Amino acid sequence: MLDMVRKPFSELPPLTGPKREAAERAMRRQWWAVARSADLDTPQPAVLLGERLVVYRTASGQAVVQSRRCPHRGGDFTQGKVHGEAIACPYHGWQFAAADGKCTHIPSLEDQCKIPPRAAIATYPAVEKWGHVWTVLEQPAMPLYEMEAWKGLDLEWLAGPPLDSETGVAVAIENFRDVAHFPFVHEVSMGPSPHIVEPLKVRREGLEIFMQRTLHAGNGDWANDGDCEMYYQCTAPGLATITYDYARYGKRIVAGFPSPMAYDHVMIFWGVANERTYTGADLEECLRVEEMVYREDLPIAGALEPREIDWDGTYVEHSVPADLFTLNYRRAFNEFVEAALAEEGR
């Protein structure tokens, strides 16, 4: 007799195969958000593709991303303190430079010239953008994301609370811009939505995918500012944005950038932005509404099987025209992997 009971994730066979392995390698060479800039008054923990990190700001204002473990006896730097341009371990006070990770001070040593010459912690690039700190674990295969559509806009950003989601990066991005799930997942935030999806206007240019739709004001909080044009743009592997263009008010933005703690487990970093001349809802209200949408997604997306796109074809899937954006994103993701690994071999 067939076992009709859904197995817990812990009992499901893990996705394995050459395409998954290639995706994991490629993602180590991509930029990811690891912390909100607003939280750096104290050292912040982060996990990126299994690497335990600490993110903090120095006295001079520089954001820093380093290994979380002290190489003396394993102290956790997220419990430590920043001393000028260095961070100190909470266990024995060893200090390590923000610039290169080298140990600069050991309190128990009378002669600081005797610091073990190899005592150091891994230090990664750190760039602040869109209210977040971004890093990359290995030599980046491509520059940090840019958004041509936002150039020339005077934007004010507000970072949302990071959201823990038991999905992979690709599943999280697909969920962000999937429109066929609105009537079933977002009835509260968006109000009643048509079940039938109109022919989608989707185009792809390399790693970037674009889509334009008209948002008609409904009964949900999401449409409080009325009708507008929605310009979706995703860049593989991990940036998803919507620019809302209101004829009466101006432009506002929501952007999501899920960061892979593991291959099939992300922390969704995200934020909203308004043009400074925007006359619709303020930033706090825009963030409240977009967070409502995100939190409606979390339990549904977190129960998908598998938790990340099955690039090696273990699971059967069927697609319809409403999946046009999804299919173009998957092509772009594969192009990203190929490009990153081509750079790896040079």
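Here the residue numbering is sequential within each chain, running from 1 through the sequence in written order. The model is predicted, so local features are restricted to residues of pLDDT at least 70 and side-chain atom pairs to those at 80 or more, both for listing and for counting; the totals for chains, interfaces and linings are taken over all residues. Only hydrogens and water are set aside; all other atoms, that is, all heavy atoms of the structure, feed into the side-chain values.

S.K.: Before we go on, may I ask you to explain the sheet that holds strand E10 (residues 127-129) in this structure?
M.R.: One key point about sheets: their strands pair by backbone hydrogen bonds, in either a parallel or an antiparallel sense. As summarised here, the arrangement of the 3 strands in space is E1-E11-E10, forming an open sheet in which the pairing is antiparallel. The sheet is open, and its two borders are formed by strand E1 (32-36) and E10, each paired with just one other strand. Neighbour-to-neighbour, the strand axes of this sheet turn through a mean angle of 40°, independent of strand direction. At least two DSSP bridges between two strands are required for those strands to pair. Helix and strand assignments come from DSSP, with helices taken as H or I runs of at least 4 residues and strands as E runs of at least 2, each series counted from the N terminus. Note on geometry: axes are lines fitted to C-alpha atoms, helical ones only across the stretch in contact, with angles between N-to-C directions running from 0 to 180 degrees.

S.K.: Looking at this structure, I do not really get the sheet that holds strand E6 (residues 86-88). What am I missing?
M.R.: One open sheet holds the 4 strands; their spatial order is E5-E6-E7-E8, and the pairing between them is antiparallel. In the strand order of this sheet, the two ends are held by strand E5 (81-83) and strand E8 (103-105), each with one partner. Strand after strand, the sheet turns through a mean of 40° between neighbouring axes, direction not considered. Examined bridge by bridge, strand E7 (residues 95-97) and E8 share 2 bridges and lie antiparallel to one another. Its bridge partner lying in E8, Gln 95 is registered against His 105.

S.K.: I tried to follow the pairing of strand E18 (residues 250-262) on my own but got confused; where do I start?
M.R.: Every regular strand shows the same layout, with side chains that alternate between the two sheet faces. Of all 13 residues making up E18, 11 are buried, and the element is well covered by its neighbours. The sheet contact formed by strand E17 (residues 239-246) and E18 spans 7 bridges and is antiparallel. Among the inter-strand pairings, Ile 242 is bridged to a residue of E18, identified as Val 254. Where E17 hands over to E18, the hairpin turn is made up of 3 residues, counted between the paired strands. Classification of residues uses two cut-offs on accessible area relative to the type maximum, computed with a 1.4 Å probe and protein chains only: under 20% is buried, over 50% is exposed, and between them is partly exposed.

S.K.: Teacher, can you tell me more about the packing of aromatic side chains here?
M.R.: The geometry of an aromatic ring pair comes down to the distance between the two centres and the angle between the two planes. The pairing test for Phe, Tyr and Trp rings, Trp by its six-membered ring, is centres within 6.5 Å, and the orientation test on the planes gives stacked under 30 degrees, edge-to-face over 60, and tilted for anything in between. Summed over the entire model, instances satisfying the criterion amount to 17 aromatic pairs. With a centroid separation of 6.0 Å and 65° between ring planes, the pair formed by Tyr 246 and Tyr 278 is classed as edge-to-face. Placement of Tyr 246 in strand E17 and of Tyr 278 in the loop between strand E19 (265-275) and helix H5 (283-301) is noted, with a sequence separation of 32 residues between them. You can call Tyr 278 buried: its relative accessible area is 9%. Taken together, a centroid distance of 5.9 Å and an interplanar angle of 70° make the contact between Phe 333 and Phe 336 edge-to-face. With a gap of 3 residues between them, Phe 333 and Phe 336 both fall in helix H6 (residues 324-344), about one helical turn apart. Across this residue pair, the class does not change: Phe 333 and Phe 336 are buried. By the ring-pair criterion, three or more aromatic residues cluster together here, those being Trp 130, Trp 134, Tyr 145, Trp 150, Trp 157 and Phe 257. When the NZ atom of lysine or the CZ atom of arginine is within 6 Å of a ring's centre and also within 35 degrees of its normal, the charge is said to sit over that ring. The aromatic ring of Phe 210 is capped on one face by Arg 203, whose charged end is 4.1 Å from the ring centroid. For the cation-ring pair, Arg 252 lies above Tyr 244, with the distance from its terminal atom to the ring centre recorded as 3.9 Å.

S.K.: In this structure, what is going on with H5? I would like to understand it.
M.R.: Three or four residues apart is the spacing at which side chains of an α-helix point the same way, because the helix has 3.6 residues per turn. Expected helix span is taken as 1.5 Å per residue step, with the number of steps being one fewer than the number of residues. With 19 residues, H5 should reach 27 Å at 1.5 Å per residue; the first-to-last C-alpha distance of 26 Å fits that figure. Looking only at H5, the buried set comprises Leu 283, Cys 286, Leu 287, Val 289, Glu 290, Glu 291, Val 293, Tyr 294, Glu 296, Asp 297, Leu 298 and Ala 301.

S.K.: Looking at this model, I keep getting lost on the pairing of E17. Mind explaining?
M.R.: Counting buried positions along E17 yields 7 of 8 residues, so the element is predominantly enclosed. Counted between consecutive antiparallel strands, the loop separating strand E16 (residues 228-235) from E17 contains 3 residues.

S.K.: How should I be thinking about unusual backbone geometry in this particular structure?
M.R.: Backbone phi values are negative for most residues with the exception of glycine, while trans is the configuration of most peptide bonds. Ala 236 connects to Pro 237 through a cis peptide bond whose omega is 5°. Tracing the backbone shows Pro 237 in the loop between E16 and E17. Pro 306 follows Glu 305 through a cis peptide bond whose omega is 0°. Positive phi values are uncommon outside glycine, yet Leu 49 reaches one of about 50°. The residue Leu 49 is located in the loop between strand E2 (44-48) and strand E3 (51-57) in this model. Of note in this structure, Trp 130 is not a glycine but carries a positive phi near 55°. Among the secondary structure elements, Trp 130 is positioned in the loop between E10 and strand E11 (132-135). Residue classification places Trp 130 among the buried residues on the basis of a relative accessible area of 11%.

S.K.: Can you walk me through the pattern of salt bridges in this structure?
M.R.: Pairing between side chains becomes possible if they bear opposite charge and their charged atoms approach one another. Each reported salt bridge corresponds to a side-chain nitrogen of Lys or Arg within 4 Å of a carboxyl oxygen of Asp or Glu. A complete count under the given rule lists 20 salt bridges for this structure. Of the charged contacts, one joins Glu 291 and Arg 295 as a salt bridge, the two residues approaching to 2.8 Å between their closest N and O atoms. Residue Glu 291 and its partner Arg 295 are both found in helix H5; the two are separated by 4 residues, about one turn of the helix. Residue classification places Arg 295 among the partly exposed positions, given a relative accessible area of 42%. In this structure, a network of salt bridges that share partners links the residues Arg 28, Glu 51 and Glu 138.

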